[in-house]
Amino acid sequence: MSKSIETTCVQSGYFAKNGEPRQMPIVQSTTFKYDNSDYMGKLFDLEADGYFYSRLSNPTCDNVAKKICDLEGGVGAILTASGQAANFFAVFNICEAGDHFIASSSIYGGTFNLFGTTMKKMGIECTFVDQTLPYEELAKYFKPNTKCLFGETLTNPTVNVLDFEKFAKLAHDHGVPFIVDNTFATPINCRPFEYGADIVVHSTTKYMDGHAGTIGGVVVDSGNFDWLAHAEKFPGLTTPDESYHGIVYAEKFGKDAYIQKAVSQLMRDLGPVQSPQNAFYLNLGLESLYVRMKQHCGNAYKVAKYLKNHEKVAWVKYPGLEDDDEYAMAQKYMPNGTCGVLCFGVKGSRADAEKFMDALKLATIETHVADSHTCLLHPASHTHRQMTEEQLKEAGVAPDLIRFSVGLENADDIIEDLSQALDII
Ligand SMILES: *Cc1c(COP(=O)(O)O)cnc(C)c1O
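What you see is a predicted model, and the numbers here were worked out from it, not measured in a lab.

Bringing the sheet that holds strand β10 (residues 364-365) into the picture now. On the basis of which strands lie adjacent, the open sheet formed by five strands has the order β8-β9-β12-β11-β10 and mixed pairing. Edge positions in the sheet fall to β8 (313-317) and β10, since each has one partner strand and no second. As paired elements, strand β9 (residues 341-346) and strand β12 (residues 402-405) share four bridges and run antiparallel to each other. Looking at the pairing, V341 lines up with S405 of β12.

Below, the structure is given as structure tokens:
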């Protein structure tokens with residue numbers, strides 16, 4: 001049965017059988033009991049289906065991964081302990097020491113550090129590129145050892161729109177998968193697989209959980225990338241895994257190869273699992289994701305319009321505004337709305353901006369984004385503090401940029417709060 005996205009949010013993943021709990025149970029157990037030693041051996045050999053240890057798989061986590069997989073229209077998904085772990089898994093599942101990959105320079109600061117510094121120590125080199133460059137310029141960055149191309153649907157914090165068509169073509173013309181972090185748009189507003197992405201990642205910490213309650217991540221595979229057609233580039237998937245009795249993932253699992261490898265190799269060895277309890281909270285968030293995204297976007301549009309017309313506001317970036325220079329691209333890929341996050345700068349000095357931020361009462365200063373409460377931060381002094389001036393510029397983060405995450409409150413109340421704080425400067 002093909003279902004609408006609202007129904008998938010509520011109903012997908014867990015199905016109660018006769019007499020079973022209506023709400024998805026939390027299977028808070030590390031391990032699972034078997035009557036038969038031989039069957040347990042088959043589980044370890046990946047020859048039989050079943051649970052045996054919650055680092056590898058757990059029914060609660062699997063149900064929630066399945067729901068997100070359905071929302072994105074993928075073939076398989078794995079929950080992780082955080083968005084950071086998800087992004088690491090997505091790339092490390094196909095890159096090893098000596099490999100190279102390309103990422104937009106406008107991505108989330110944490111991912112920028114992971115790719116540029118920590119993965120470099122593992123011998124994996126990342127080139128950061130200006131995502132607005134034309135195809136021909138971007139094509140020059142590909143090398144024989146390039147293994148994937150990475151971008152964010154809507155960049156955090158600058159809310160720039162990714163040109164999916166250009167990125168998908170670049171990746172596929174060079175025989176590598178296109179990985180998209182879809183955290184800000186969520187599958188409610190954008191389904192990257194429909195625009196050529198091969199793998200999608202989320203920090204579920206943001207809109208998916210939606211209530212600032214749990215840290216989490218997910219990796220979803222479309223099953224569309226043909227690993228065997230580019231076998232020499234992806235030996236991890238196309239040659240025997242010595243740590244798993246010589247399994248060749250792409251041969252044994254076909255379309256499930258990428259997620260199977262992430263589970264049976266990366267999760268087995270590295271272990272950043274999401275706890276069943278956190279997966280339960282995440283599922284509650286997913287049930288209302290459709291309703292919440294509509295309210296976040298509606299509120300953000302009103303707030304962006306208000307700020308745009310305010311004499312003390314220097315500039316506003318919100319791709320949902322009709323006069324935004326990326327409005328057309330946002331409409332193409334996200335016709336029903338973008339997200340609840342916007343950016344702006346206030347006129348005057350840095351001290352004026354600080355006075356304004358401190359004067360806000362309803363909107364609070366916090367290192368979070370994309371949840372029910374309206375919040376803000378100043379990336380140059382908070383999340384992007386570790387970046388150099390040069391890196392900030394490269395990431396498109398203006399020194400006066402305020403990231404404003406519009407919550408689920410009444411838009412007029414948020415605007416009234418902004419108004420009284422702007423009056424102070
Ligand atoms: C927050 C965020 C991450 C990191 O996720 P955590 O859950 O905090 O580890 C990755 N990508 C984007 C776009 C984010 O907003």
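Here we come to the side chain of N283. Tracing the backbone shows N283 in helix α12 (residues 276-287). Under the relative-accessibility criterion, N283 is labelled buried at 5%. Each residue touching N283, except ones within four places of it in the same chain, is listed here: Q23, M24, V64 and K67.

Looking at the secondary structure, you find Q28 in the loop between α1 (5-11) and α2 (37-44). Along the chain, Q28 and D130 lie 102 residues apart, while their C-alpha atoms are 45 Å from each other. If we ignore the near neighbours within four places in the chain, the residues touching Q28 are P276 and Q277.

Sheet strands pair by backbone hydrogen bonding; their relative direction is either parallel or antiparallel. Taken in spatial order, the seven strands make up an open sheet running β1-β7-β6-β5-β4-β2-β3, and their pairing is mixed. Each end of this open sheet is capped by a strand with a single partner; those strands are β1 (76-80) and β3 (125-129). Within the sheet, the average angular offset between the axes of one strand and its neighbour, ignoring direction, is 20°. Bridge analysis of strand β5 (residues 178-181) against strand β6 (residues 199-203) gives three bridges, and the strand direction is parallel. Across the sheet, residue D181 finds its bridge partner in β6, namely V201. Here helix α3 (residues 59-72) sits on the sheet in contact with β1, β6 and β7 (217-221), set at roughly 125° to β1. Contacts between helix α7 (residues 164-173) and the sheet are confined to β4 (146-152) and β5, with β5 contributing the most and set at about 145° to the helix.

If you check helix α11 (residues 257-270), its first and last C-alpha atoms are 18 Å apart, about what 14 residues at 1.5 Å a residue would give, namely 20 Å. At V263, α11 shows its strongest bend, of approximately 25°. Along α11, the residues that are buried comprise A257, Y258, I259, K261, A262, S264, Q265, L266 and M267. Those residues of α11 hidden inside the fold are in contact with β1, α4 (83-92), β6, β7, α9 (235-238) and α10 (249-253).

This part covers the layout of surface pockets. Here the largest pocket is characterised by a volume of approximately 870 Å³. Taken together, 32 residues form the lining of the largest pocket, with L56, S57, D62, Q260 and V263 sitting closest to its centre. Contributing elements (two or more residues each) for the lining of the largest pocket: α3, β1 and α11. Looking at the second largest pocket, its volume works out to about 390 Å³. Residue lining of the second largest pocket: 26 residues in total, with Q84, Y108, N156, S203 and K206 positioned closest to the centre. For the lining of the second largest pocket, the secondary-structure elements that each account for two or more residues are α4, α5 (109-121) and β6. A class-by-class count of the residues in the lining of the second largest pocket yields five nonpolar, 17 polar and four charged.

This part takes up the pattern of salt bridges. In total, this model carries 17 salt bridges according to the counting rule given. Of the charged contacts in the structure, one is a salt bridge between E354 and R350, with a shortest N-O distance of 3.8 Å. With E354 and R350 both in helix α15 (residues 350-359) and four residues apart, the pair spans about one turn of that helix. With relative accessibility at 38%, the residue E354 sits in the partly exposed group. The partly exposed category is assigned to R350, whose relative accessible area is 47%. A cluster of three or more residues bridged by salt bridges with shared partners is formed by K317, D324, D325 and E326.

Procedures and definitions
Residues numbered from 1 in each chain as written. Predicted model: local features only at pLDDT ≥ 70, side-chain atom pairs only at ≥ 80, totals over all residues. Heavy atoms only, no water. Pairing = 2+ DSSP bridges. Helix = DSSP H or I, 4+ residues; strand = E, 2+ residues; numbered from the N terminus. Buried < 20%, exposed > 50% of the residue type's maximum accessible area, 1.4 Å probe, protein only. Contact = heavy atoms within 4.5 Å. Axes fitted to C-alpha atoms, helices over the stretch in contact; angles between N-to-C directions. Expected span 1.5 Å × (residues − 1). Bend = angle between axes of the 7 residues up to and from the residue. 1 Å grid on protein atoms, 1.4 Å probe; cavity = no way out; pocket = protein on both sides within 12 Å on 5 of 7 lines; lining within 4 Å. Points joined across faces, edges and corners; volume = space filled by probe spheres on them. Nonpolar A, V, L, I, M, F, W, Y, C, P; charged D, E, K, R; others polar. Salt bridge = Lys/Arg side-chain N within 4 Å of Asp/Glu carboxyl O.

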